[in-house]
Amino acid sequence: MGRRKNNSRRNYKRFKVHKGLFMQIRGLPDTRCKIINISEGGAAFMCNDIEKKLEEKFILDIYYKKNRALIKNLSAKITSDFPVHKSFFFIFSKKRRYGMQFVGLINGQVME
């Protein structure tokens, strides 16, 4: 993954995640968030509306499918947060979509 050459808002190209990539926010054990896209610099993810507001900086782990840990102890900070309202056969679901930026990655984490 490399830096973009145009004057875009992001420094790295984002890649869409199709299935099976999730994250767990440390300190919020009941939250399993689906990663929507990811890059070397950050990611977008969607969760059920979290009652507790996310801290500006937090620690997370990324998993693939059935709890297979890929990367642990990532530091990140929230860059965007907005509601996403979905309904399916009269069932209304409150979700939020977040953007995050990875903070202070060490070489081993960048390579993963």
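As the structure is a prediction and not an experimental result, all values here were calculated from the model.

> Let's hear about the pairing of strand β4 (residues 42–48): which residues, and what values?
Most of β4 is tucked away, with 6 of its 7 residues classed as buried. With 4 bridges joining them, strand β3 (residues 32–38) and β4 adopt antiparallel strand pairing. Paired with isoleucine 38 across the strands is alanine 43, a residue of β4. Between β3 and the antiparallel strand that follows it, β4, lie 3 residues.

> Lay out the environment of arginine 97 with the relevant residues and their values.
Tracing the sequence through the fold places arginine 97 in strand β7 (residues 91–102). Sequence-distant contacts of arginine 97, that is, excluding residues within four places in its chain, are made with Ile36, Asn37, Ala44, Phe45, Met46, Ser80, Asp81, Phe82 and Val84.

> Provide a residue-level description of unusual backbone geometry, including the pertinent values.
With a phi angle near 60°, asparagine 73 is a residue other than glycine that sits in the positive phi range. Among the structural elements, asparagine 73 can be located in strand β6 (residues 68–88). The class for asparagine 73 is partly exposed, based on a relative accessible area of 43%.

Conventions and cut-offs
- Residues numbered from 1 in each chain as written.
- Predicted model: local features only at pLDDT ≥ 70, side-chain atom pairs only at ≥ 80, totals over all residues.
- Heavy atoms only, no water.
- Buried < 20%, exposed > 50% of the residue type's maximum accessible area, 1.4 Å probe, protein only.
- Helix = DSSP H or I, 4+ residues; strand = E, 2+ residues; numbered from the N terminus.
- Pairing = 2+ DSSP bridges.
- Contact = heavy atoms within 4.5 Å.

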